[in-house]
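# Inside the fold
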Amino acid sequence: MKIVTVVGARPQFIKAAPFSEVFRKENREILVHTGQHYDANMSDVFFQELSIPKPDYHLEVGSGSHGKQTGRMLEKIEEILLSERPDGLLVYGDTNSTLAGALAASKLHIPVFHVEAGLRSYNKQMPEEQNRILTDHISDLLLCPTQTAVDNLAKEGIVEQVINTGDIMYDAVLRNLDIAQHKDNKEILVGLEKGQYYLATIHRAENTDIPEKLRTIFTALEQLGKRVILPIHPRTRKIIGEFGIRTNNVILIEPVSYLPMLNLIANALMVITDSGGLQKEAYFLKVPCTTLRDQTEWIETLENNWNVLSAIDEEEIIRIVGRQLTCLEHPQPQLFGNGQAAKLICQAIVKGGKVNE
Ligand code: UD1
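Residues numbered from 1 in each chain as written. Predicted model: local features only at pLDDT ≥ 70, side-chain atom pairs only at ≥ 80, totals over all residues. Heavy atoms only, no water.

### Remarks on the site of the ligand
The test is simple: One heavy atom suffices: a residue is near a molecule or strand as soon as one of its heavy atoms comes within 4 Å of it. Contacts described as polar in this section are N or O atom pairs within 3.5 Å, which, within protein, must combine one atom able to donate a hydrogen with one able to accept it, while residues neighboring in sequence count only if both atoms come from side chains. Working definition: helices are DSSP H or I runs of at least four residues, strands are E runs of at least two. Numbering for both runs from the N terminus.
Around the ligand, 21 residues are found, and the nearest of them are Gln-36, His-37, Asp-39, Asn-96 and His-233. Taking Tyr-38, its main chain carries an N or O atom lying 2.9 Å from an oxygen atom of the ligand. Residue Glu-128 places a side-chain N or O atom 3.1 Å away from an oxygen atom belonging to the ligand. Of all the elements in the fold, those that place two or more residues in the shell around the ligand are helix H1 (10-23), helix H3 (66-84), helix H5 (127-137) and helix H10 (234-243).

### Topic: the sheet that holds strand E13 (residues 307-309)
What counts, and what does not: Whether two strands pair comes down to DSSP finding at least two bridges between them. All axes here are fitted lines through C-alpha atoms, helices being fitted over the stretch that makes contact, and every angle between N-to-C directions spans 0 to 180 degrees.
Reading across from one edge, E10-E9-E8-E11-E12-E13 is the order of the six strands in this open sheet, with parallel pairing throughout. Edge positions in the sheet fall to strand E10 (250-253) and E13, since each of these pairs with one other strand and no more. Mean inter-strand twist for the sheet, computed between neighbouring axes without regard to direction, equals 20 degrees. Of the strand pairs in this sheet, strand E11 (residues 270-273) and strand E12 (residues 289-291) are connected by three bridges, and their pairing is parallel.

### Regarding the layout of surface pockets
Where we set the bar: Points on a 1 Å grid over protein atoms alone make up a cavity when a 1.4 Å probe fits among them but cannot get out, and a pocket when they form an open set with protein on both sides within 12 Å along at least five of seven lines; lining residues each have an atom within 4 Å of a point. Grid points are joined across faces, edges and corners, and a volume is the space filled by probe spheres set on the points. Polar here means any residue outside two lists: the nonpolar Ala, Val, Leu, Ile, Met, Phe, Trp, Tyr, Cys and Pro, and the charged Asp, Glu, Lys and Arg; Gly therefore counts as polar.
Roughly 160 Å³ of volume is contained in the second largest pocket. Around the second largest pocket, the lining residues are Val-22, Phe-23, Lys-25, Glu-26, Asn-27, Lys-343, Cys-346, Gln-347, Val-350 and Lys-351. Of all the elements in the fold, those that place two or more residues in the lining of the second largest pocket are H1 and helix H14 (341-350). Ranked by residues supplied to the lining of the second largest pocket, first place goes to H14 with four residues. Looking at the lining of the second largest pocket residue by residue, the class counts come to four nonpolar, two polar and four charged.

### Here's the deal with empty space enclosed by the protein
By rolling a water-sized probe across the atoms, one finds the places where empty space is left. Evaluation of the coordinates by the stated rule reveals one cavity of 30 Å³ or more. Within this model, the largest cavity holds a volume of roughly 50 Å³. Every residue lining the largest cavity is listed: Val-115, Glu-116, Leu-143, Cys-144, Pro-145, Thr-165, Gly-166, Asp-167, Ile-168 and Ile-345. Its residues assigned to classes, the lining of the largest cavity comprises six nonpolar, two polar and two charged.

Spelled out as structure tokens, the structure:
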């Protein structure tokens, strides 16, 4: 079987690694990198570290407004699909690269396989929510990470070709944790004692694009009792520069690759984030999390308070972070599968939507 896979943003590289390894054993995968993330520390470093095959096509679309970025990708992916004529197209998650890939294939009647289907925040202002809904509704095979995602699709009338494979990000954590903890990969932790720092990330448009919200987040982080390590997304770096936000307790570091990030999470006292992936990685590594958003797609992580949502309000952030510190050692049901998602996704694609048959 020959498929085209479209990736473009950091979380997609992490998900692509386990799948590509399994799928390529007996099938052909043409990898397209849209170039949505283009800085070396947002892209190349993941390909090297996770041994992801070199992309067959690099579209170099770079930054731009949503319409421009998605439109540029759409045009170029269509050309590739016309010349490669694959049996299907695979996309991950909810980025502009996901939507562009799915739309190009669907218009050419090429089956679309969506990994991480069925996620919903029910906030249509988020570009990611728009991308998810549209991609799910034109997909031919919906590969869901959780039962919640399956149920969300059912509410929208999507019940055919829907499979709960478990979460491929759990595969990635299980595959890489030992490697991450090898001493050669622990440099980033120098000077950081286990449990003596908070790990934070902020990059969602809903938090970064309103100056007062971003300022409120930083004002709260500045008041936490322990240091906050914040690998900074280029979007956020640019905006804090423009707004003149200064930090002291918050230590800004360059974006880090996957293995050092696993170490940073595993050794943190708590994760404070607006990222989807990081909420789950904190859960998998049994680190409490405070999510700086009004909703989450990953509602399973809220069970037993492993993850708690906080509105963007200075006092509330400080209060919730403080309360979260007392929530350790709670039971953790296994709601994200068993770490075999890559295999199940591969089987489902090859067998046309059936697993274990
Ligand atoms: C995108 C995804 C989001 C995902 C995130 C992971 C969409 C709509 N959003 O958000 O779902 O969680 O990736 O990081 O697809 N930039 C750089 N260098 C880079 C990449 C981006 O400088 O390598 C800057 C550019 O100024 C760009 C801005 O960051 O305009 C935002 O990048 P973009 O790809 O639009 O969205 P993300 O915020 O990264």
